[in-house]
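Geometric and topological summary
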Amino acid sequence: MVNVGDMLVGYATDENVRKRGASGGLVTAVLAAALEKGLVENVVVMKHINEFEAVPIITNDVDEVLASTGSLHSVPVNLAKYAMGRKVAMPAKPCDAQAVIEQAKRGMIDLDNTYIVGLNCGGSMHPVTTKKMLVAMYDIDPEDVVGEDIEKGKLIFKTKNGEEKAIAIDELEEAGFGRRESCRFCTLKIPVNADLACGNWGVIGDLAGSATFCQVMNDKGVKLLENAIEAGRIEVEPASDKAIAIRAKVNDVMVNLGSTLEKEIFPDIPDKERMQYYMEQMEDCIDCGACKEVCPVCACGEDSKCTMFHSLVDNYKMSMYHLVRLLHLSDSCIACGQCSDVCPSDIPITLLQSRFAIPSQRKREYTPGMNVDDVPPFFEVILK
Amino acid sequence: MIGNVYQTVCPGCNMGCGLYIREDEEGALLVDFMKSSPANLGKLCRFGMKLPHHYSKATSMVDGKESSVEDAIKAASDRLKGANVTMLGVGNTTNEESLAFSNIADAMGTVVNTGMGVYSELPTECHPTVGVGITLDDIESAKRIALFVDPYVQYPLLVRRILAAKKNGASVVSVGWKDLHLADENRYIDPDLYESELGLDSESVIIADVHPNTDPGWVKRMLNLALKTQAKILFMKPFVNATGVDLLCKGTGQKGIPEIMDGINEGSIKTLVILDSDPVELMPNSDVAAETLKKLDNLIVITSRDSPVNKMASIVIATEPLCAKAGSFMNVEGLLLNNSGEDTAGIDAMSALSQNLGGAAMDYQELHNTVLESIVKKFTKPKYKELACEVLDIGPFEEKKGNLIYLYNPFMWFDQSDDNDFVMVNMNTVNKLGLSKGGMIALTSDAGTVNMRYRVEDMPDGLILTAKKLPVATGWTTVVSTEAV
Ligand SMILES: Cc1cc2nc3c(=O)[nH]c(=O)nc-3n(C[C@H](O)[C@H](O)[C@H](O)COP(=O)(O)OP(=O)(O)OC[C@H]3O[C@@H](n4cnc5c(N)ncnc54)[C@H](O)[C@@H]3O)c2cc1C
Ligand code: SF4
């Protein structure tokens, strides 16, 4: 019997899945069970290509789900858009879950049909930066990497010949590598907005490295776990008080770090200079539209407010497109970093959006993507 | 998996931008970002982002009627037997298909022209440097960059490389058609002054481009500049596999597309076989190109996409979409990029054609191995090849003939519409002509008149730039008269 609020430690009963899983293979087992028992019609998972590349797929094949074990820290995708219009179960970092909820607020995703298996997230890295980091900091050929892990603030890489090398994330970030900028100031590390919140923080003792910590956030979380237990795919036990305390402590450390870094990443700009600052930052925009296309909270179609008033024939210093987007996303931007990732001119667009959105969201004590019932402060139309 | 996901490369230019094309259950296509892609880190320009809009499947045809691919191959074989054939493949498809095409050329005792006529005018010693220049990563560590292209419009994925170089302390001088925001200096100087005025040395990089309509004199000038200043050089190129086909078709005639069109007009070319290369799109004036192609006895098109030339072709042999093909491409820096697709319909069709023409059967794996042996071993992840030629005699350098200039870019090479139906002029031109805000400018040439919206840029007096093909153009530069509408 599983209840909302339960803090559990569990693992996949299939030894292979458990072994290949990022911690205990529980997430994979829960997703596979949801599919085979008909709780959902499809599952969204990452299809591995190599250590630095994976592609999100939508599948109804249990084997494909079982093959998707493992956490890819250097594959910074957002999965929300793959869940649209389907009855799915999906893994979700906190920002994936936030995007799903924002889409649900805009009528693009039906949360009753979407099961979100949350993954704790200390941050993700850009694959090409990671490869460069491996050469520069680890003296490892990226081709030799077979696995990676984050433990006690260190990033560990395992190589073909069985060796492991660990370097403190702080050190890596000081050298210009490490997590994406948006992940550094993110303060949502445990996906309490998902149906289940799974991770390896708090997995201690004999189970360390071979089990998943799982917090049950709501009734859908109960369903997911009970379904997987019934299918014989997972075993769970209550987490010890010590495990719970350790998890909470690591989370506090990470959240505080995020808040500290936020102050560094967003130095104050005098009011008078703000417009100039935004204009200069945007001046190399090539109007590709990728930041809109990739935005996981954008629910507008191709024809939308930001594109409507924008034309290449206008030679404005800052386009209407960006002006409209700054305003439009001010209550929904979740600072997931996707737009910066894909900007062909390397404009730090997430930082610009966040610099604009965060103060306004804080003023209204509103955090996007946490609860579908929280109405965005600037919502024009409430969809029933 | 529901639908398909193809790991592929953008066909817009030779940058080699990796991406995913998703095909959903209904066959609708979507672009997705492949962030581990070395050339572009998953980033795409405006053309790459709109790629699904440009995909339209080709249909096999014989004499204007839909046919099976087998019938189209048979009809093509019948018409090619004993004919005097000219072949064109600019590099809009994989190395493996290009090699298969080249094998067919061998079987018929002819060569594949890449459309880049400029190569045949350059000493072979400098081909490696023109073919594969400095790596994109190396641009970022240059101390000075001289730009002879507009990266924003023409090769957008260069922008981040140049900005990164600037962050690393580089200075940038642009010698182009209009002021570039990322340039520290925008110079409009006499070409004879480049060497003395641009401040280039062995830590500098020159970025120029070659394409089917490039003036060979201009390329020689760029090479001389590199030779005299010791600067390294990168020639950007259109077409996803321009570098691959150049290496595969080494030593061949390398007729330019304009030369081929002249040959058709003169009657010396009667049969043209093209592989994913549409002269109607590639020539500066689509209507003139279409009229020229009508003069052919046989126009045989092997293609993966629907484009204007298909409608005029005697025979169309349709192949699978580019993203679905098994095969590889080589980008401008000599990096081999593989498609995840496994379809070999195009190669199978060319194998059948080859056999009908007395050549050998071909299979994908064999072709792929040859590609690895013949070009990849020699060129993948190359060290910069220092220029091996002497300073070149430029010959009579063609003066720019017109005031309307084409800013070639992927949309233009594919003649695809975009939000670019305007020309660029400077403020003096606006004032001189009395152009009204939001009004139009009329451009008149021997080919007619067109009214265009305009955008104001900082650029030399009297010039008119366009990033869209215009019916009044007669070449990549055209003399036009202007007036306010
Ligand atoms: C980028 C990232 C950072 C993480 N950081 C932490 C952390 O700091 N602390 C912590 O306790 N836990 C962290 N986790 C979660 C942890 O690594 C495990 O995923 C979790 O413990 C579940 O383990 P499992 O064996 O049950 O998962 P598995 O059974 O191995 O299943 C993993 C699931 O994650 C999906 N997945 C893999 N990569 C990604 C990705 N990049 N984005 C979205 N989904 C993905 C896979 O498709 C699969 O469904 C992180 C996970 C990721 C992806
Ligand atoms: S057109 Fe060229 S620069 Fe643009 S996405 Fe395609 S390959 Fe990259």
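What you are looking at is a predicted structure, and each value in this text was computed from that prediction instead of being measured. (Residues numbered from 1 in each chain as written. Chains lettered and ligands numbered in written order. Predicted model: local features only at pLDDT ≥ 70, side-chain atom pairs only at ≥ 80, totals over all residues. Heavy atoms only, no water.)

To continue, consider the environment of N186 of chain B. All names here are of chain B. By the secondary structure assignment, N186 is in strand β10 (residues 185-186). Sequence spacing of N186 and L147 is 39 residues, and the spatial spacing of their C-alpha atoms is 9.4 Å. When sequence neighbours within four positions are dropped, the list of residues in contact with N186 reads S174, K178, D179 and L180. Within the structure, N186 has its side chain in polar contact with the backbone nitrogen of L180 (distance 2.8 Å). (Helix = DSSP H or I, 4+ residues; strand = E, 2+ residues; numbered from the N terminus. Contact = heavy atoms within 4.5 Å. Polar contact = N/O pair within 3.5 Å; in protein donor to acceptor, adjacent residues only side chain to side chain.)

We now examine helix α15 (residues 349-363) of chain A. Each α-helix turn comprises 3.6 residues. Residues three or four places apart therefore point the same way. Residues and elements named next belong to chain A. For α15, built from 15 residues, the straight-helix expectation of 21 Å at 1.5 Å per residue is met to within 8% by its first-to-last C-alpha distance of 22 Å. Taking the largest bend as the criterion, α15 deviates by roughly 30°, centred on A357, and proline P359 comes between one and four positions later. Looking at α15, one finds that the buried residues are I349, T350, L351, L352, Q353, S354, R355, A357, I358, S360 and Q361. Elements in contact with the buried residues of α15: α7 (181-184), α9 (241-265), α10 (271-282), α13 (320-328) and α14 (338-342). At the exit of α15 stands E365, carrying a positive phi of roughly 50°. (Expected span 1.5 Å × (residues − 1). Bend = angle between axes of the 7 residues up to and from the residue. Buried < 20%, exposed > 50% of the residue type's maximum accessible area, 1.4 Å probe, protein only.)

Here we come to the site of ligand 2. Close to ligand 2 lie C10, G12, C13, M15, C17, L44, C45, F47, G48, L157 and P410 of chain B, which account for all nearby residues. Looking at the shell around ligand 2 residue by residue, the class counts come to nine nonpolar, two polar and no charged. (Near = heavy atom within 4 Å. Nonpolar A, V, L, I, M, F, W, Y, C, P; charged D, E, K, R; others polar.)

Oppositely charged side chains may form a pair once their charged atoms are brought near each other. Residues and elements named next belong to chain B. Across all of its chains, the model carries 38 salt bridges over all chains by this definition. As a salt-bridge pair, D418 and K50 come within 3.0 Å of each other at their nearest N and O atoms. Of this pair, D418 sits in the loop between α17 (410-413) and β19 (422-425) while K50 sits in the loop between α1 (46-49) and α2 (51-54), and the two are 368 residues apart along the sequence. A relative accessible area of 13% places D418 in the buried class. Between K294 and E291 there is a salt bridge, with its nearest N and O atoms 2.9 Å apart. Take K294: its relative accessible area is 55%, and that puts it in the exposed class. It is possible to trace a salt-bridge network through shared partners that takes in R144, E185, R187 and E197. (Salt bridge = Lys/Arg side-chain N within 4 Å of Asp/Glu carboxyl O.)

This brings us to the packing of aromatic side chains. Following the criterion strictly, the structure yields 13 aromatic pairs over all chains and no others. Residues F239 of chain B and W413 of chain B carry aromatic rings whose centres are separated by 5.5 Å and whose planes lie at 65° to one another, so their mutual orientation is edge-to-face. With F239 of chain B in the loop between β12 (232-236) and α10 (242-248) and W413 of chain B in helix α17, this pair connects stretches of sequence that are 174 residues apart. In this structure F239 of chain B comes out as buried when scored by relative accessible area, which is 1%. In this structure W413 of chain B comes out as buried when scored by relative accessible area, which is 4%. Taken together, the aromatic side chains of F239, Y406, Y408 and W413 of chain B make up a single cluster linked through ring pairs. Over the aromatic face of Y115 of chain A sits the side chain of K220 of chain A, whose NZ or CZ is 5.7 Å from the ring centroid. (Phe/Tyr/Trp six-rings, centres within 6.5 Å; stacked < 30°, edge-to-face > 60°. Lys NZ or Arg CZ within 6 Å of the ring centre and 35° of its normal.)

Bringing unusual backbone geometry into the picture now. Negative phi characterises most residues that are not glycine, and trans characterises most peptide bonds. Residue D139 of chain A is not a glycine yet carries a positive backbone phi of 55°. Following the sequence through the fold, D139 of chain A ends up in the loop between α5 (127-138) and β6 (145-151). One non-glycine residue, D415 of chain B, lies in the positive phi region at around 45°. Its location among the elements puts D415 of chain B in the loop between α17 and β19.

All names here are of chain A. For chain A, the domain assignment lists domain 1 (7-124 + 183-259), domain 2 (127-178) and domain 3 (267-382). One C-alpha centre belongs to domain 1, the other to domain 3; they are set 28 Å apart. Contacts between the two partners involve 21 residues from domain 1, matched on the other side by 28 residues from domain 3. Both sides of the domain 1 and domain 3 interface together cover about 1,800 Å² of buried area, and 61% of this is carbon and sulfur. Considering only the surface of domain 1 that becomes buried against domain 3, K105, R106 and F185 emerge as the three largest contributors, covering 33% of it. Taken together, domain 1 and domain 3 are joined by zero salt bridges. Inspection of the region where domain 1 meets domain 3 yields 11 residue pairs in polar contact (both at pLDDT 80 or more). In the side of domain 1 that touches domain 3, the residues fall into 13 nonpolar, four polar and four charged. (Domains from an automatic or database assignment. Buried area = accessible area lost by both parts, 1.4 Å probe.)

Time to look at the domain arrangement of chain B. Where interface size is quoted, it is often the accessible area lost as the parts come together. Residue and element names in this part refer to chain B. Split by domain assignment, chain B resolves into domain 1 (4-47), domain 2 (56-392) and domain 3 (401-484). Each of domain 1 and domain 3 has a C-alpha centre, and these two points are 31 Å apart. Across the boundary between the two partners, domain 1 contributes four residues, which contact six residues of domain 3. When domain 1 packs against domain 3, the two sides together hide about 500 Å² of surface, and 71% of this comes from carbon and sulfur. Broken down residue by residue, the surface that domain 1 buries against domain 3 is led by G12, R46 and F47, which jointly contribute 83%. On inspection of domain 1 and its partner domain 3, the count reaches one salt bridge. Among the residues forming the side of domain 1 that touches domain 3, the class breakdown is two nonpolar, one polar and one charged.

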